[in-house]
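Structure assessment
As a plain string of letters, each chain reads:
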Amino acid sequence: MRTETASMAPAAGLFAVLDRVGLGMTNAAIGAAMNLSVDTVKNHLRQAYDRLETASRIQVFARAWQSGLLIRAAPVGAAPALTDEQTLILRIWAAGGHRPDVARALEVREHAAELYEDAVLDVFGTRTRVVAVRRALEHQLIDPAGDSLAELTTPMAADSGQGRTRHHWAKGATGVSGPVTTPPAEPDHRSDPLVRAVTMLRSARGLVVHLGALAGLPEVPSLVGVLAGATPPRAAPTVVRLVHQALALGVPRALVLPAVAVDPDRAVAVVGLGTAWSCAVRQDAYNGSAAYVLAAHRLGVTIDDLLVVCTADQAPAAADAGFRRVLTTTSVVPSTEPRPAPVPELNALERRIVELLAEGLAIAEIGGRVHAGEYVVRHRLADLRRRAGAVDDAHLVVRLITTKLIGTGRLRAELPDRVPELDQAGRAVITLICTGTMSEAGVNGVGLSLHEARTVEARIVRALSRRHSRAHAAAVALLTGIVTLPPTKSVPVMAPMGSAL
């Protein structure tokens, strides 16, 4: 049993306990820090509840802070930008409210209220509500004095807070505290991405999302599932949570599909957004900007009033269409451009090995042609893939053809007189093969499952390569124009010392 610190006055001990409550510390942690027993900490808190007429840890801390009983440290950093809903949530917490109170005030279900609460915690970089309230008090973003939980939980206006003002308390010139009215803050581009995105969404009249922004995202419950009781992950992708917010606010939503998309329903359903769209528009292969303009037309919203969420490679297309509010994600839709990577210098043996690989010969046949064992051929190909940044042999062949490091005379002489016609799925898959993006994320981006993509791959390899070679099929697709890639600038990377045969 710890001994109480005899020199500590009862009031000082109470204030010290309350200050540590505001730091998010548990009773056990407070007792360890102050050399008190847990029971003594609980007694201090009960006294504070009685004296300040409060019923929760957050409320008693906020009341003590507002009453001037605690030492107020200078806030760290700039005050974050808060929406009206986030300010209201902080005031509800400070008044002793919980998630049901937040849900009642925002007129949403409790599972949706959790998303709003998580966004508030993310703004302040904490997972503890009392810490968020403390930081809001330090920045004078809220004033719990006179707040009644019954008044705070009155449902908000249907305009979702647009145009309303926010009140906080500040010291006037005479030193007297009083309310100061400020206009709604502009979005803080340094704040949490979700907060920034939702802030932009609230000032928009429509949302346009490119399918590539959803490629490769983890499976999450739909909004309907969340409201029915499914537990959404705390780390749900920002774009998914943004679409959920748009659904909750009744903001019309359009989905833009890449030209190579085959079955987009599969791609969006995996992230719980299968029924989230007001309309869908497919991009043209030669004019990606037109789809964004058509999406605005179908939603009945002007371009200036739309928020676009897309991948970085789609941002220029959205900008060309005249959109000014564009958010990009880190998800990458399969692009027709090869990934930038150094291109190796080839010696005569390596060049011949890759040329034979491009012609569709097997490893054993290549070894016989260059008078080397299979192990040497495999080792050279693996080293070339590493130096060229290629994911497989087909990607390596495509990279070396586009950089003109291997000859294509024999390949061109053996091309068929009639170019095989591929359907949309076939063109999408051969593009993925040539760009080295034949992964689960890549095939999801064009609306296919990995199993379906492999089935399509087997079919197009048989159609393009008489030797049924994946590398040969990629080379034929490139040389016949089925897949168009820009020339890649050669950045030589020398072969390692001692690699000559």
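Keep in mind it's a predicted model, so treat the numbers as computed, not measured.

Criteria and thresholds
- Residues numbered from 1 in each chain as written.
- Predicted model: local features only at pLDDT ≥ 70, side-chain atom pairs only at ≥ 80, totals over all residues.
- Heavy atoms only, no water.
- Helix = DSSP H or I, 4+ residues; strand = E, 2+ residues; numbered from the N terminus.
- Buried < 20%, exposed > 50% of the residue type's maximum accessible area, 1.4 Å probe, protein only.
- Contact = heavy atoms within 4.5 Å.
- Areas by Shrake-Rupley, 256 points an atom, 1.4 Å probe, with all protein chains shown as cover.
- Polar contact = N/O pair within 3.5 Å; in protein donor to acceptor, adjacent residues only side chain to side chain.
- Arc of directions from axis to C-beta.
- Axes fitted to C-alpha atoms, helices over the stretch in contact; angles between N-to-C directions.
- Parallel < 35°, antiparallel > 145°, perpendicular 65-115°, else oblique.
- Nonpolar A, V, L, I, M, F, W, Y, C, P; charged D, E, K, R; others polar.
- Salt bridge = Lys/Arg side-chain N within 4 Å of Asp/Glu carboxyl O.
- Expected span 1.5 Å × (residues − 1).
- Left-handed = near helix turned anticlockwise from the far one by under 90°.
- Phe/Tyr/Trp six-rings, centres within 6.5 Å; stacked < 30°, edge-to-face > 60°.
- Pairing = 2+ DSSP bridges.
- pLDDT = per-residue confidence, 0-100.

Each helix and strand counted, the protein chain has 24 helices and 9 strands in total. Here the protein chain, with 501 residues, has 50% of them falling under the buried criterion. Within the protein chain, counting contacts between residues at least 6 apart in sequence, those at least 24 apart form 69% of the total. Summed over all atoms, the accessible surface of the protein chain reaches about 23500 Å², with 54% contributed by carbon and sulfur.

Attention shifts here to the side chain of Thr 403. The topology assignment puts Thr 403 in the loop between α19 (393–402) and α20 (409–413). Given a relative accessible area of 9%, Thr 403 falls into the buried group. In terms of polar contacts, Thr 403 uses its side chain to reach the backbone carbonyl oxygen of Arg 399, at 2.8 Å. For Thr 403, the side chain forms a polar contact with the main-chain oxygen of Leu 400, separated by 3.3 Å.

As a further point, take helix α2 (residues 27–34). Those residues of α2 that sit buried are Asn 27, Ile 30, Gly 31 and Met 34. Each buried residue of α2 lies within a common arc of 100 degrees when the element is viewed along its axis, so the set occupies one face. Count one or two residues on from α2 and you reach Asn 35, which has phi positive near 60 degrees.

The subject of this paragraph is the packing of helix α16 (residues 348–358) against helix α18 (residues 374–388). For the pair α16 and α18, the least separation of the axes is 10 Å and the interaxial angle reads 95 degrees. Accordingly, the angle class assigned to the pair α16 and α18 is roughly perpendicular. In contact with Leu 349, Glu 350, Ile 353, Val 354 and Leu 357 of α16, α18 contributes Val 377, Arg 380, Leu 381, Asp 383, Leu 384 and Arg 387. Residue classes in the contact of α16 with α18 are distributed as 7 nonpolar, no polar and 4 charged.

Okay, the side chain of Glu 359 next. Assignment of secondary structure puts Glu 359 in the loop between α16 and α17 (363–370). Assessed through its relative accessible area of 6%, Glu 359 is described here as buried.

In this structure, Asn 35 is a non-glycine residue whose phi angle is positive, near 60 degrees. A positive phi angle is found at Gln 140, which is not glycine, with a value near 60 degrees. Tracing the chain through its elements places Gln 140 in the loop between α8 (129–138) and α9 (149–152). A residue is classified by how much of its surface remains accessible, and Gln 140, at 31% relative accessible area, is partly exposed.

On to the pattern of salt bridges. One pass over the full model with this rule turns up 21 salt bridges. As a salt-bridge pair, Glu 359 and Arg 410 come within 3.2 Å of each other at their nearest N and O atoms. Here Glu 359, found in the loop between α16 and α17, pairs with Arg 410, found in helix α20; they are 51 residues apart in sequence, far enough to count as distant. Notably, a salt bridge pairs Arg 454 with Glu 457, separated by 3.0 Å at the nearest N-O pair. With Arg 454 and Glu 457 both in helix α23 (residues 450–464) and 3 residues apart, the pair spans about one turn of that helix. The class for Arg 454 is partly exposed, based on a relative accessible area of 39%.

Compared with an ideal rise of 1.5 Å per residue, which puts 15 residues at 21 Å, α18 spans 21 Å between its outermost C-alpha atoms and is within 8% of the ideal. Taken together, the buried positions of α18 are occupied by Val 377, Arg 380, Leu 381, Asp 383, Leu 384, Arg 387 and Ala 388. Seen end-on, α18 carries its buried residues on one side only, within an arc spanning 165 degrees. Every exposed residue of α18 that faces more than 90 degrees away from the buried side is listed here: Tyr 375 and Arg 386. Among the residues trailing α18, Gly 389 stands out with phi positive, at a value near 70 degrees.

The subject of this paragraph is the packing of α16 against α19. Look at α16 against α19: their axes get within 10 Å of each other, and the N-to-C directions meet at 110 degrees. It follows that α16 is roughly perpendicular to α19 by the angle criterion. Our pair here, α16 against α19, has a crossing hand that is left-handed. Residues Val 354, Leu 357 and Ala 358 of α16 lie in contact with α19, whose contacting residues are Asp 393, Leu 396, Val 397 and Leu 400.

What the rule picks out here adds up to 2 aromatic pairs. Ring centres 6.0 Å apart and planes at 50 degrees place the aromatic pair Phe 61 and Trp 65 in the tilted group. Of this pair, Phe 61 and Trp 65 both sit in helix α4 (residues 57–66), separated by 4 residues, roughly a single helical turn. A relative accessible area of 0% places Phe 61 in the buried class.

It is worth spelling out the environment of Ile 142 at this point. Relative to the elements of secondary structure, Ile 142 occurs in the loop between α8 and α9. Sequence spacing of Ile 142 and Arg 91 is 51 residues, and the spatial spacing of their C-alpha atoms is 6.5 Å.

What follows covers the pairing of strand β4 (residues 253–257). Buried residues dominate β4, accounting for 5 of its 5 residues. Side chains Arg 253, Leu 255 and Leu 257 project from β4 onto one buried face, and the interleaved Ala 254 and Val 256 project onto a second face that is buried too. As defined by bridge partners, strand β3 (residues 206–210) adjoins β4 across 4 bridges and the pair is classed as parallel. Bridge pairing in β4 places His 210 opposite Val 256. As judged from the 4 bridges shared by β4 and strand β5 (residues 279–282), these two strands associate in the parallel manner. Across the sheet, residue Val 256 finds its bridge partner in β5, namely Val 281.

The next thing to look at is the confidence of the model for the protein chain. The predicted model of the protein chain averages 75 in pLDDT, with 74% of residues at 70 or higher. Here residues 156–191 is a poorly scored stretch, pLDDT under 50, and it has 59 contacts once near neighbours within four places are set aside; other chains count. Within the model, the stretch residues 489–501 combines pLDDT values under 50 with 23 contacts to residues more than four positions away or in other chains.

This part is about the pairing of β3. Within β3, 5 of the 5 residues are buried, which leaves it mostly tucked inside the rest of the structure. Judged by which residues are buried, β3 turns out to be covered on both faces: Gly 206, Val 208 and His 210 on one side and Leu 207 and Val 209 on the other are all buried. The pairing of β3 with strand β6 (residues 306–311) spans 4 bridges and is parallel. Note on β6: the bridge partner recorded for Val 208 is Val 308.

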